[in-house]
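# Per-entry structural report
So the chains spell out like this:
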Amino acid sequence: MLTTIDCLPCFLRQAVIALKQRPAPKEVQTKIMKEIIAIMQEADLEKPPAYTTTFIHREIRNGLGEDPFSHVKTSYNELAMGLYPELKEKIRRNSDPLRTAARVAIAGNVIDFGIFTTIDMEGSLNRSLEAKIAVDDFACFRESLGSAKSVLYLLDNAGEIAFDRLLIEEILLFNSNICAVVKGSPVLNDATMKDAQQIGLTDVCRIIDNGSDAVGTIFEWTSPEFQEEFNKSDLIVSKGQGNFETLTGTTKETYFLFQSKCDVVSKELGLSPGSMLLKKS
């Protein structure tokens, strides 16, 4: 995906959302916003939006001297794990547990503080569970899980990873060789190792970090260890819009699970905003 002029006001809006997470003096906020405008002036429109967004959020963390989303991530991990037992039982009772778990994981992708200021997690989740999946390659997904020797699961947001845990637990019944990937350091409300530990995912499967603070998966900015893991994996499960932006066009067999939350991505897909996808690369 390429950056369009429609992305530019969204960059500013994301910056404002991040700055409102932590109180800071007006002069600090003003300085950060001026730096962000300078970053936007140098934005490479031939790259995915995630490149510019990464530079912007590095500037915000540096300017504030902390991760503005740390408290939000902890809170939403707790909220999501409060829903975990009920969802686990719903999946267990369903005639097709894997499909239900995949739907739960996609529904959980609504937890995105890079785009939304507040989220009714339970209400959004319930609405999403009833919605149609606009691009549904689930039959191929099930078949691929059965034939793949190894699966690499690219996680997205904190909170959401509690629902990814539910899907990973079902995938383990098809394929025991699964590794989940978190970010190497904070960016937005993306999951790090700390979040994986908080929701107990480290007890479910092997976890690595990608050595990067980039939005999505910008391959050249990731660690050699992650790149080796990515290249040797038979199947990639990619969560979230940022990963879709940065991995579209990959030659690896990849399934993108996410909700299309912005007009630019929705237009690229030919879908309405809010559409749910389980899309094969």
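To be clear, the structure that these remarks concern was listed above.
Here is a short report on the structure shown in this document. Quick caveat, the model's predicted, so the values are computed rather than measured. (Residues numbered from 1 in each chain as written. Predicted model: local features only at pLDDT ≥ 70, side-chain atom pairs only at ≥ 80, totals over all residues. Heavy atoms only, no water.)

## Things to note about the nonpolar core
The cut-off we apply is this: For this analysis, a nonpolar core means a set of buried residues of the types Ala, Val, Leu, Ile, Met, Phe, Trp, Tyr and Cys, connected via side-chain atoms within 4.5 Å. Here the term buried applies to any residue with accessible area under 20% of the maximum for its type, exposed to any over 50%, and partly exposed to those in between, with areas from a 1.4 Å probe on protein chains only. We call two residues contacting when some pair of their heavy atoms lies within 4.5 Å.
By size, the foremost hydrophobic cluster in this structure holds 49 residues, and its most contacted members are Tyr153, Phe163, Leu167 and Leu201. Among all residues touching Tyr153, those that are not within four sequence positions of it are Ala105, Asp164, Leu167, Ile168, Ile171, Ile178, Cys179, Ala180, Val181, Val237 and Lys239. Of all hydrophobic cores here, the second largest spans 35 residues; its members include Cys7, Leu19, Ile39 and Val181.

## Thoughts on the pairing of strand β5 (residues 235-239)
Consecutive side chains along a regular strand alternate between the two faces of the sheet. Note the threshold: Helix numbers and strand numbers start at the N terminus; a helix is a DSSP run of H or I with at least 4 residues, a strand a run of E with at least 2. For two strands to count as paired, DSSP must find a minimum of two bridges between them. Assignment of crossover handedness uses the view with strands pointing away from the viewer, where a clockwise path from the first strand over the helix to the second indicates a right-handed crossover.
Most of β5 sits inside the fold, with five of its five residues counted as buried. Where burial is concerned, the two faces of β5 agree: the one with Leu235, Val237 and Lys239 and the one with Ile236 and Ser238 are both buried. In the sheet, strand β2 (residues 151-154) pairs with β5 via four bridges, with the strands oriented parallel. Bridged to Leu154 within β5 is Ser238. Sheet topology note: the β5/strand β6 (residues 254-259) ladder contains four bridges and is parallel. By the bridge assignment, Val237 is partnered in β6 with Tyr255. Note that the unit made of β5, helix α11 (residues 241-247) and β6 has a crossover that is right-handed.

## Structural notes on the pattern of salt bridges
The following threshold applies: For this analysis, a salt bridge means a side-chain nitrogen from Lys or Arg found within 4 Å of a carboxyl oxygen belonging to Asp or Glu.
Using the criterion set out here, one finds 15 salt bridges in the structure. Where Asp164 meets Lys239, a salt bridge forms, and the shortest distance between an N and an O atom there is 2.6 Å. Here the residue Asp164 occupies a position in helix α8 (residues 160-171), and Lys239 occupies one in strand β5, the gap between them amounting to 75 residues. Note on Asp164: relative accessible area 0%, which makes it buried. Between Arg206 and Glu229 there is a salt bridge, with its nearest N and O atoms 2.6 Å apart. Taken as a pair, Arg206 in strand β4 (residues 206-209) and Glu229 in helix α10 (residues 224-232) lie far apart in primary sequence, 23 residues in all. For Arg206, a relative accessible area of 42% translates into the label partly exposed. You can call Glu229 buried: its relative accessible area is 10%. Linked by salt bridges that have partners in common, Arg58, Arg61 and Asp213 make up one network.

## Section: the side chain of Ser233
Along the polypeptide, Ser233 turns up in the loop between α10 and β5. On the basis of relative accessible area, Ser233 is assigned to the buried category, the value being 3%. Excluding residues that lie within four positions of it along the chain, Ser233 makes contacts with Ser150, Leu152 and Lys252.

## Observations concerning the environment of Leu173
By the element assignment, Leu173 lies in the loop between α8 and β3 (178-182). On the basis of relative accessibility, which here comes to 68%, the residue Leu173 falls in the exposed class. Along the backbone, Leu173 and Leu145 are 28 residues apart, and their C-alpha atoms lie at a distance of 9.7 Å.

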